[in-house]
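One letter stands for each residue in the lines below.
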Amino acid sequence: MTAFLSIRNLSISLQNGERILRSVNMDLARGDVRGLVGESGAGKSMIGKAILGILPRALKIDEGEILFQGKNLLNLNPRELRKEIGANAALIPQDPLTALNPSHRIGRQITNRLVDILGWSKSDAVKRTYDLLDEVRIPDPKRVINSFPHELSGGMRQRILIASAFAAEPKLIIADEPTTALDVTVQKQIVSLIGEMQSRHGTTLLFVTHDLGVVSKVCQSLSVLFLGKVIEDTSVSLFFDNPSHPYSRALLTATPKYTDPNSDLIPVSEKILNSVKEEVLRLDREWSNGR
Amino acid sequence: MVDSSRNINRKIGLRMWLSGGWLLFLFLATLFAPIISPHDPLAQDLFASRLPPIWMDGYESTYYLGSDSLGRDVLSRILYGARIALLVALIASTATCIIGATLGVLAGYFGGWVDLVISRLVDIWMAFPPVLFAILLIAVLGTGLTSIIIAIIVIDWTRFCRVIRAETMSQSAMDYVASAQAAGRARFGIMVKEIFPNVLPTIVVLLTLEMGIAVIVEAILSFVNLSISTDFPTWGGMISEGRTSVHQAWWVIVFPLITLFLTVLSFSQLGEGLKDRFDPVLR
């Protein structure tokens, strides 16, 4: 049986040939929650963007396939891709401050998508919006629906974006660092809200983050990305008990524990970083020789 | 917090009232010029030449702002001149705005070769000195109202195109565009429904600024006698004629200048005020 979402050998590079993703493989079964972790610049957001077909124009896909429900998304023309992704997948974006259109009222932003793109009736869409806002625990939904984005707090906006992502009952949701732009106190609520919504709706979730704490809370499996290369692909329990890659081990040691405020931060050592870099560059050479 | 935002609102209000009031007055003047003008703007009366305005010695009762060297009433000519000024301001700037903003949004949103073609065109266009370009154009097209309007469009669409392109590009990079794209909206729909409303405040400001600029360009062209025929009063024409007698009759040049100044200022202030109204964040 083919996986629900399967990324095979995906390589992406800049126009100047610099590689962003290096032969990435990843499988998600229906209902999986997978964390995608890595430092900034590791290319973790790019995987999500490639799936949704919203890669920046400066990037080109060198090879590989993204099989979504058996269809290779990279072979679809823009119209087919829009239809496939629009109906079955959704994005919870990183920055709630710019992810809502400042010119439109909240209600319209959620219903428009259902009405215009998925062909719902107006009244169904409005009813659904109220239900969703209730589900993400927004007080006074009537007022919120008639508000403009700038009138709401960051946490509220992220709740709305979550509601909007679940609106059309998609099978796959990609959460692209949904808590990075938020206050620490709000982060926890948002993470547990996403987890809760996921288990209620049974949605497959790809959770892009650099916060291992979040991963341990929400995900079942995870991929560790370094320089666009998946260096570890394992279940969450195995990862936290016994990470196999030296970089993963260093990453775990580097995660601060808040139980002892006097403990020093332990950065990932230069030695490990260099050895992983060397490994990646060696694979790069093999890759370009093979082409 | 509440108080300061109210203060801002009040300031905007005053500015809008003053500039809007002046423009409304001009607009009414264009409609009712034949009724409210004390004299025929073209009627020459050599016995009443270079009469001073009404608060100076030697005035004559119906020449409120004095008369020029041919004895034509300055006030009546200013009122009639508003017709040409406003007509040019409205038609030329609206057409300029539509052409420039459309190309700017297309270039900014689609990027790639669309942007390449439009941007290079703008670069080449802007390398021509604008006034020379206008004079050349009118030399080819012949003088007249239509030529002036066409000249303004041809010179100024690049201004819109540049600014709107940049604004569209920065809006296109926002997450809400990516979200809309992931939600399955077509690119054209994103441009029209998501990005355009956010570029609109900038367009409005540019449009009103352009109205002011159009008034100035028309005045410049009449100043060098390239506007419409001299038997129709224009502010630029009056300034040009008043120049020769500025030592004997300063009022002939000063009053049209003040009118021109207030009009251009009003257009730009109205634009600023409208921007604040249109912008959902500032509203």
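Scroll up to find the structure.
Bear in mind that the values here come from a model prediction, so they are computed numbers and not experimental data.

Parameters and conventions
- Each residue is numbered by its place in its chain's sequence as written, counting from 1.
- Each chain gets a letter, beginning with A, and each ligand a number, beginning with 1, in the order they are written.
- Given that this is a predicted model, residues contribute local features only at a pLDDT of at least 70 and side-chain atom pairs are listed and counted only at 80 or more, while totals for whole chains, interfaces and linings are drawn from all residues.
- Helix and strand labels come from DSSP, where a helix needs a run of H or I of at least four residues and a strand needs a run of E of at least two; each type is numbered from the N terminus.
- For every residue pair, C-beta atoms are placed from the backbone, and the pair is scored as a contact if these atoms sit within 7 Å.
- The residue classification treats Ala, Val, Leu, Ile, Met, Phe, Trp, Tyr, Cys and Pro as nonpolar and Asp, Glu, Lys and Arg as charged. All others, Gly included, are polar.
- Comment: axis = line fitted to C-alpha atoms, over the contacting stretch for helices; angle = value between 0 and 180 degrees taken between N-to-C directions.
- Orientation labels follow simple angle bins: below 35 degrees gives roughly parallel, above 145 gives roughly antiparallel, 65 to 115 gives roughly perpendicular, and whatever is left gives oblique.
- Each crossing is labelled by how the near helix is turned from the far one, with a counterclockwise turn of less than a right angle marking it left-handed and a clockwise turn marking it right-handed.
- The burial criterion counts other C-beta atoms lying within 10 Å of a residue's C-beta, which is placed from the backbone; the residue is buried at 20 or more, exposed at 12 or fewer, and partly exposed between these limits.
- Two strands are said to pair when DSSP picks up at least two bridges between them.
- Throughout, right-handed denotes a crossover for which the path from the first strand over the helix to the second runs clockwise when the strands point away from the viewer.

Visitor: Any chance you could explain the environment of isoleucine 152 of chain B here in plain terms?
Guide: Residue and element names in this part refer to chain B. Within the secondary structure, isoleucine 152 is located in helix α5 (residues 145-172). Measuring from C-alpha to C-alpha, the distance between isoleucine 152 and alanine 92 comes to 6.3 Å, with 60 residues separating the pair along the chain. Not counting residues within four places of it along the chain, the set of residues in contact with isoleucine 152 comprises Ala92, Thr96, Ala214 and Val217.

Visitor: Explanation requested: the interface of chain A and chain B in the structure shown.
Guide: You'll often see interface size given as the accessible area lost when the parts meet. The partner chain B presents 17 residues to the 23 residues of chain A that form the contact. Those elements that place two or more of their residues in the side of chain A that touches chain B are α2 (78-88), β6 (89-92) and α3 (106-117) of chain A. With 5 residues, the single largest contributor to the side of chain A that touches chain B is α2 of chain A. For the side of chain A that touches chain B, the class distribution of residues is 12 nonpolar, 6 polar and 5 charged.

Visitor: I tried to follow the packing of α3 of chain A against helix α4 (residues 122-135) of chain A on my own but got confused; where do I start?
Guide: Packed helix pairs are specified by the crossing angle of their axes together with the interaxial distance, meaning the distance between the axes. Residues and elements named next belong to chain A. Look at α3 against α4: their axes get within 9 Å of each other, and the N-to-C directions meet at 130°. Looking at the two axes, α3 sits oblique to α4. Judged by the sense of rotation from one axis to the other, the crossing of α3 with α4 is right-handed. Across the interface between the two elements, Gly107, Ile110, Thr111, Leu114 and Val115 of α3 pack against Lys122, Ala125, Val126, Arg128 and Thr129 of α4. Here the contact of α3 with α4 is composed, by residue class, of 5 nonpolar, 3 polar and 2 charged.

Visitor: How should the pairing of strand β9 (residues 221-226) of chain A be read in this particular structure?
Guide: When a strand is regular, its side chains alternate between the sheet's two faces. Residues and elements named next belong to chain A. Burial analysis of β9 places 6 of its 6 residues in the buried class, the great majority of the element. Of the two faces of β9, both are covered, the one formed by Ser221, Ser223 and Leu225 as well as the one formed by Leu222, Val224 and Phe226. When strand β3 (residues 33-38) meets β9, the two strands line up parallel, connected through 5 bridges. Bridging from a neighbouring strand, glycine 35 pairs with leucine 222 of β9. The antiparallel pairing of β9 with strand β10 (residues 229-235) creates a hairpin that spans 2 residues between the two strands, and leucine 227 there sits at a positive phi of about 50°.

Visitor: How should the sheet that holds β9 of chain A be read in this particular structure?
Guide: Adjacent strands of a sheet pair through backbone hydrogen bonds, lying either parallel or antiparallel. Residue and element names in this part refer to chain A. Taken in spatial order, the 6 strands line up as β6-β7-β8-β3-β9-β10 in an open sheet, and their pairing is mixed. Each edge of the open sheet is held by one strand with a lone partner, namely β6 and β10. Going from strand to strand, the sheet's axes swing by 15° on average, the running direction of each strand aside. Inspection of the sheet shows β6 paired to strand β7 (residues 172-176) by 4 bridges, in the parallel sense. Along β7, the bridge assignment pairs leucine 91 with isoleucine 174. Running over the sheet, helix α1 (residues 44-52) touches β3, β6, β7, β8 (204-209) and β9 and is turned about 145° from β7.

Visitor: Just checking my understanding: could you explain the sheet that holds strand β5 (residues 71-72) of chain A for this structure?
Guide: Residue and element names in this part refer to chain A. Taken in spatial order, the 4 strands of this open sheet run β2-β1-β4-β5, and their pairing is antiparallel. The open sheet has two edge strands with one neighbour each: β2 (19-28) and β5. In this structure, strand β1 (residues 5-14) lies alongside strand β4 (residues 59-68), joined through 8 bridges in antiparallel fashion. The residue bridging serine 13 from the neighbouring strand is lysine 60, located in β4.

Visitor: Which parts of the structure should I look at to understand the pairing of β8 of chain A?
Guide: All names here are of chain A. Within β8, 6 of the 6 residues are buried, which leaves the element mostly enclosed by the surrounding structure. The alternating pattern of β8 places Thr204, Leu206 and Val208 on one face and Leu205, Phe207 and Thr209 on the opposite face, and all of these are buried. With 5 bridges joining them, β3 and β8 adopt parallel strand pairing. Bridge pairing in β8 places glycine 35 opposite phenylalanine 207. Pairing of β7 with β8 involves 5 bridges; the strand directions are parallel. Across the sheet, the residue bridging to aspartate 176 is valine 208, located in β8. Crossover handedness for the path β7 to helix α7 (residues 184-201) to β8: right-handed.

Visitor: Would you explain unusual backbone geometry in this entry?
Guide: For residues that are not glycine, phi is negative in most cases, and the peptide bond is trans in most cases. All names here are of chain A. Of note in this structure, asparagine 9 is not a glycine but carries a positive phi near 55°. As for its position among the elements, asparagine 9 is in strand β1. When the 13 C-beta atoms within 10 Å are taken as the criterion, asparagine 9 is described as partly exposed.

Visitor: Would you explain the packing of helix α6 (residues 154-166) of chain A against α7 of chain A in this entry?
Guide: Residues and elements named next belong to chain A. For the pair α6 and α7, the least separation of the axes is 11 Å and the interaxial angle reads 15°. Put simply, α6 runs roughly parallel to α7. The way α6 lies across α7 gives a crossing that is right-handed. Across from Gly154, Gly155, Gln158, Arg159, Ile162 and Phe166 in α6, the residues of α7 making contact are Val186, Gln189, Ile190, Leu193, Ile194, Met197 and His201. Among the residues making up the contact of α6 with α7, the classes are represented as 7 nonpolar, 5 polar and 1 charged.

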